[in-house]
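One letter stands for each residue in the lines below.
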Amino acid sequence: MPETIQILCVDDESYILNVIRRQLCDLDVEVHPVRSAEDGLRFLRQTHPVHVVLSDYRMPGMDGIEFLGYVSREWPTVTRILLSGFTDAEALQEALEQKRLFAFLPKPWRAEELKKIIAEAVERNAERSLSEVTI
Amino acid sequence: MLKKNIRSQVLIPLTLTFIILTGCFVYTTYRIRMDDYERGLDNRYQRVQLILNNLIANHTSYMTSAIEFIADQNQFQDAMRAKERGVLLKHGSPILKRLFSQQQITHFYFYDEYGAIVLRVYNPDDKSASMPRFTKQQAMAQGRTVSGLELGRSGTFTLRVVYPWKVNKKLIGYIELGQEYDHILKELNDFTLADFVVALDKQHLDRAAWEEGMQMLGRNADWNLLPDRVLIDQTATIPPRVVATFLATDQVSGKNGRKLEVHGRTYHANSFPLLDVAQKPVGKFVLFADLTDNISSFRVFIVQVASFSLLVCAGLFFYSFQVLGRVDRRLLENRQQLGIEFEKQAETNKQLEFEVIERRRAEESLVTLNEYLEQRVLDRTNELRQLNLQLEASHAELEEAYRNLQTHQATIQQQDRMACIGQLAASVAHDINNPIGFVAGNLEVLKNYWNKLAAFVAIQHDVLQRYGSAEWLRGVEEHRRRLKVDYVLEEFSAVLDESLEGTERVNTIVLNLKGFSRMDEKEARLADIHGCLESTLNIVWNKLRYKADIKKEYGDIPHILCYPQQLNQVFMNLLINASQSIGQWGEIKIRTWSDRENIFVAIADTGCGIAEENLPKLFEPFFTTKESGVGTGLGLSIVREIVNKHHGDITVVSVPGEGTVFTVHLPLGKLPQVTNHA
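Residues numbered from 1 in each chain as written. Chains lettered and ligands numbered in written order. Predicted model: local features only at pLDDT ≥ 70, side-chain atom pairs only at ≥ 80, totals over all residues. Heavy atoms only, no water.

A. Up close: the overall build of chain B. Secondary structure summary: chain B contains 13 helices and 17 strands in total. For chain B, the computed accessible surface area is about 39,900 Å², with 55% contributed by carbon and sulfur atoms. (Helix = DSSP H or I, 4+ residues; strand = E, 2+ residues; numbered from the N terminus. Areas by Shrake-Rupley, 256 points an atom, 1.4 Å probe, with all protein chains shown as cover.)

B. Up close: the interface of chain A and chain B. Each side of the interface is counted separately: chain A has 19 residues, and chain B has 22 residues. Carbon and sulfur atoms make up 51% of the surface buried where chain A meets chain B, a total of about 1,900 Å² over both sides. Between the two partners, chain A and chain B, sit two salt bridges. A:Arg110 is the partner of B:Glu444 in a salt bridge, and the nearest nitrogen-oxygen pair spans 3.1 Å. Our count for the chain A to chain B interface comes out at six residue pairs in polar contact (both at pLDDT 80 or more). Broken down by element, the side of chain A that touches chain B gets its largest block of residues, five residues, from helix 1 (residues 14–23) of chain A. Partitioned by chemical class, the residues of the side of chain A that touches chain B number eight nonpolar, four polar and seven charged. (Contact = heavy atoms within 4.5 Å. Buried area = accessible area lost by both parts, 1.4 Å probe. Salt bridge = Lys/Arg side-chain N within 4 Å of Asp/Glu carboxyl O. Polar contact = N/O pair within 3.5 Å; in protein donor to acceptor, adjacent residues only side chain to side chain. Nonpolar A, V, L, I, M, F, W, Y, C, P; charged D, E, K, R; others polar.)

C. Spatial organisation of the confidence of the model for chain B. Looking at chain B, the pLDDT average stands at 81 and 89% of residues meet or exceed 70. Segment residues 673–678 of chain B is flagged for pLDDT under 50; beyond a separation of four residues in sequence, or across chains, it makes seven contacts in the model. (pLDDT = per-residue confidence, 0-100.)

D. Here's a closer look at the packing of aromatic side chains. Residue and element names in this part refer to chain B. Applying the stated criterion to the full structure yields 10 aromatic pairs over all chains. Taking the centre distance of 6.3 Å and the plane angle of 20° together, the rings of Phe 317 and Phe 321 count as stacked. Here the residue Phe 317 and the residue Phe 321 both occupy positions in helix 8 (residues 292–467), the gap between them amounting to four residues, near one helical turn. Classification of Phe 317 as partly exposed rests on a relative accessible area of 34%. Given the relative accessible area of 30%, Phe 321 is considered partly exposed. Each ring, one from Trp 593 and one from Phe 600, has its centre 5.2 Å from the other, and the planes form 15°; the classification is stacked. One aromatic cluster is present, formed by Phe 76, Phe 108, Phe 110 and Trp 165 through successive ring pairs. Across the ring face of Trp 593, the terminal group of Arg 591 is positioned such that the distance to the ring centre comes to 4.1 Å. Its end group placed over the ring of Tyr 563, Lys 645 keeps NZ or CZ at 5.0 Å from the ring centre. (Phe/Tyr/Trp six-rings, centres within 6.5 Å; stacked < 30°, edge-to-face > 60°. Buried < 20%, exposed > 50% of the residue type's maximum accessible area, 1.4 Å probe, protein only. Lys NZ or Arg CZ within 6 Å of the ring centre and 35° of its normal.)

E. Expanded view of the sheet that holds strand 4 (residues 79–84) of chain A. Residues and elements named next belong to chain A. Ordered in space as 2-1-3-4-5, the five strands form an open sheet in which the pairing is parallel. The sheet is open, and its two edges are formed by strand 2 (29–34) and strand 5 (103–106), each paired on a single side. Pairwise comparison of adjacent strand axes, ignoring direction, gives a mean angle of 20° for this sheet. Looking at chain direction, strand 1 (residues 5–10) and strand 3 (residues 52–56) are connected through four bridges and run parallel. (Pairing = 2+ DSSP bridges. Axes fitted to C-alpha atoms, helices over the stretch in contact; angles between N-to-C directions.)

F. Molecular detail of the pairing of strand 2 of chain A. All names here are of chain A. In this sheet, strand 2 lies alongside strand 1 in parallel orientation, the contact comprising six bridges. Note on strand 2: the bridge partner recorded for Ile 5 is Val 29. Chirality of the crossover, the property in question, places the unit of strand 1, helix 1 and strand 2 among those that are right-handed. (Right-handed = clockwise from strand over helix to strand, strands pointing away.)

G. Main features of the environment of B:Trp450. Residues and elements named next belong to chain B. When you line up the elements, Trp 450 lands in helix 8. Residues Trp 450 and Phe 492, spaced 42 residues apart in sequence, show a C-alpha to C-alpha distance of 7.9 Å. Discounting chain neighbours no more than four positions away, the residues touching Trp 450 are Val 488, Leu 489, Phe 492, Ser 493 and Leu 496.

H. Summary view of the nonpolar core. Residue and element names in this part refer to chain B. One finds Phe 110, Trp 165, Tyr 181 and Phe 285 to be the most contacted residues of the largest nonpolar core, which totals 58 residues. For this core, the element with the most residues is helix 1 (residues 2–72), which contributes 12 residues. The residue makeup of this core includes at least three contributed by each of domain 1 (1–178) and domain 2 (194–290). Setting aside chain neighbours within four positions, we find Phe 110 in contact with Ile 70, Phe 76, Met 80, Leu 88, Ala 116, Ile 117, Val 118, Leu 119, Val 121, Trp 165, Tyr 174 and Ile 175. Judged by nonpolar contacts, the second largest core, of 39 residues, contains Ile 529, Leu 537, Ile 560 and Ile 610. (Core = buried A, V, L, I, M, F, W, Y, C linked by side-chain atoms within 4.5 Å. Domains from an automatic or database assignment.)

I. Quick look at the pattern of salt bridges. All names here are of chain B. Throughout the structure, instances matching the rule amount to 19 salt bridges over all chains. Here Arg 31 and Asp 35 are joined by a salt bridge, their closest N and O atoms 3.8 Å apart. In this pair, Arg 31 and Asp 35 are both assigned in helix 1, four residues apart and thus about one turn of the helix distant. Among the ionic pairs, Lys 589 bridges to Glu 553, the shortest N-O distance being 3.8 Å. Here Lys 589 is found in strand 14 (residues 586–594), whereas its partner Glu 553 is found in strand 12 (residues 548–553), with 36 residues between them in sequence. Overall, Lys 589 belongs to the partly exposed group, its relative accessible area being 29%. A relative accessible area of 38% means that Glu 553 is categorised as partly exposed. Each of Glu 399, Glu 400 and Arg 403 takes part in one network of salt bridges that share partners.

J. Geometry of the side chain of A:Gln23. Inspection of the secondary structure puts A:Gln23 in helix 1. Owing to a relative accessible area of 3%, A:Gln23 belongs among the buried residues under this scheme. Here the side chain of A:Gln23 touches B:Glu444 through a polar contact of 3.3 Å, side chain to side chain. Contacts of A:Gln23, omitting those with residues within four sequence positions, involve A:Trp109, A:Ala111, A:Leu114, A:Lys115, B:Gly441, B:Glu444 and B:Val445.

K. Main features of helix 3 (residues 85–103) of chain B. All names here are of chain B. The sharpest bend along helix 3 reaches about 35° and sits at Gly 92, with the proline Pro 94 one to four residues further on. Buried within helix 3 are the following residues: Leu 88, His 91, Gly 92, Ile 95, Leu 96, Leu 99 and Gln 103. Positive phi appears at Gln 104, one or two residues downstream of helix 3, with a value of about 60°. (Bend = angle between axes of the 7 residues up to and from the residue.)

L. Spatial organisation of the sheet that holds strand 3 (residues 146–151) of chain B. All names here are of chain B. Sheet architecture is open: five strands sit in the order 2-1-5-4-3, paired in antiparallel fashion. Of all strands in the sheet, those with a lone pairing partner are strand 2 (117–120) and strand 3, marking the two edges. Direction aside, the axes of adjacent strands within the sheet are offset by 25° on average. In this sheet, strand 5 (residues 170–180) lies alongside strand 4 (residues 157–167) in antiparallel orientation, the contact comprising 10 bridges. Counterpart to Val 162 in the pairing with strand 5 is Glu 176. The strands touched by helix 4 (residues 134–142) are strand 1 (105–112), strand 3, strand 4 and strand 5; relative to strand 3, the strand with the most contacts, the crossing angle is about 155°.

What follows is the structure in C-alpha cells.
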C-alpha cells in the first residue's frame, strides 16, 4: 500500500514554493515548504524523513548543492532534485558526477517535467522500499 | 759655333751660287755665240759655194756665147771648112786676146769633125794631139754643147766648153774655150773675201806635170807636203802643215767644220768635195774663216761680263758680310737674351714640373681619398639601406603586430563586453528566472485549475439545463450573456498559452545571454554547430525578424570539437552584418554541409553587396563601410580571428546589388581532443 510521498521543498522565494505545491496538488504527495537550507535540515532532523528533497540552488546562507550534499550524506535514500535559475556549471557537473543529485530542473520548469521527475522518484523509492522489505 | 759660321754658311753658298751662275751665264753666252758663228759660217760656206757655182755658170754661159759668136762668123766657118789654120789663127788671135783680157779665157781650140785638133789658138805651135777629155768626148757623143771643170795633168783646173760646130746642120768641127779655175777662185776671193785652199788628190795628178804647171803659174809646189793630196791654190796665209792637219782629220770633223789655231790666230775651217765634170771627186775645197778678232772681242766681252759679275759679287759679298755681321751681332744678343730667358724658363719649368708632380701626387691622394670616401659612402649607404630595410621590415612587423594587437584587443574587448553581458545575464538570470519560474508555474497551475473550473461550469450548465426552471434558466442565460462567459471560456486557454509563451521567450533570452558569459573558455569541446546556430539566431532574432526571411538548409554534419561560444559570436556577427546589408526586406539563408574532413557554414544574404575594391580589406580591423557609430570595423576581424583559431578559414563572394555569401570552413579534428562532458 503506497504511503503518501513526503516532499521537502526548499526555496527562499515563497511563490516558488506555492507554485510547486499547486502543481503537485493532483498527486498523492505532501509538500513541506521551507524558506532556507538550514530550515530544511532542521525539518529533516526533527520530523520524519521525507522521500524527495527539492531545493533551489541560490539561497541566502547555504546553497542548494551544499544542502543536498548534507542530505545525501545523512539521508542517502532521499531522492535529491536541484531546481535553479542559475547554476555554477562546474559545481553542477561535479554534483551530477558524484551522484549527489537525482535530477536537475532549470527554472523556469515545465509542470510536466516536475511531475515526471517526482513520478520517477516515487517509483525509485518504491523499489528501494521493496528491497528493504526483502532484506 | 753658330755665331762663327753664319757668315760662311750664308756667304759661301751664295758666292758659289753666284760663281756657278756667272759661269753658266758665260758658258751659255759662249755657246750661243759659237753656235751663232758656226751657223753664220755654215751659211757663208753655202753662199760661197752658191756663188762659186754661179760664177762657173756665168763663165760657162759667157764662153758659150763667145763660141756661138765665133761659130756664126763666116770667116771662121769657111776657114774651118777649108781647114785653113792660118785664117783661123788670124781671126782667132784677136778674139782670144780680147777674151783673155776680159775674162781671162786662156784656152781656145778648133777641132775637126772627128775631134782631132786643128788649131790651138793660144799656142798655135803646139800641133800635138789633144788629150782625151771628158767634155769633148761627151760633146761628140751627145752632139751638143758640154761644159765642166776638167783637171789637167799638171794639176790645173780648167773650165772648158766644147761646142759642136754645125753649119746648116752639118757638123764641121768643134770649138772649145777654157778658163783656169784659179781665175774663178780669185774672183770668188775678191768677191767674198773668203780664204780658201784647194787640195787635189794625188792619184789624179802627174807629179812632174804638176810641179811644172805650178812653176809655170809661179806657185810653191810641194808634192810631199801632204800624204795623199797636194795644194794647188790658197788665198790665206795658212801654213800648209795646218791645212794638212785639217785635211787629215777632215773626215771626222762635223758638218760645221773645225776650229784651228794658227800663229795665235783662230780659224774656222770647212770643206766640201771638189767634183770634176764627170762628177768625180778629185779633191777638197776648204774654206777658212778668221775668227781671231771675233774671238778676241768675245773674250773681251766675257772678261767684261766676268769682271762685272765678280765686281757685283764682291759688292754683294761685302754688303752681305756687313749685313750678316750686324745680323750676327743681333742674333748673338738675342741668343744671349734667349739663353737667359731659357734658363729662367727652365727654372720656371722645373718649378712647374715640381708643382705638377706635387699636384699630381695631391690629386692621386685625393683620388685615393675620394675612392676611399666613395667606398665608405657606398658601404655606409649599403649599411643604411640594410638598416632601412630592416627598419622597414621591423616597421612592417610592428605595424603588423600593432594591427594584430588591435585585432586582439578588439577581439578581447568584444569578448570582454560579451563576457560582461554574459556575467550580467548570469547574475540576472536567477533573479529573472525565479519570478519567471513562478509566473510560468502559476500559469500552468492556472491552466490546470481552469480546466477543472471549465469542466465544473459545464457540468453545472448541464444540470441547470436539465433540472432548472425556465425562469431561472432565462436569468442564468442573461447573466451568462452579460458576463460574456462563453467568450471567457473560449479565450481563457489562449490567454494562458500566450502568457506561457511569453515566459518561454524570456527564458530563452536569458539563456542565450548566459551563453556569452564565458568567451575565454579554456577548453574546446564537442558541439553541434546547428545548436550554436540556433542559439545565435535566438539572440539576434529581434534584429532579424523585421528585415528578412530566415531560411535554413541544415545538412547532416557531425559534432565538431570547437569553442562553441566563440563560434556563436562568429555566427552572430555574420547574421547581424547580413541583416544590416538588407535595406527593406530580404532573405537570409543559412546552409550547412560537410565532407569527410570539413564542416561548412554559409550565410547568404540578398543585401547591397560589397564593392570589389573593398573585398581585400574586408577582414582588416577597423575597416567599415557603415556610418560612424554604427560599426566598429572589428566584427569581421574578430570573425577571422576566431575562425583562424579553429584552423579554418572564411571566404566571401559578393555581387554588388545582389548579395553576399560568407562561407566558414572548419576542419574536423584539428583541435586537441578533450573529455566529453556531455
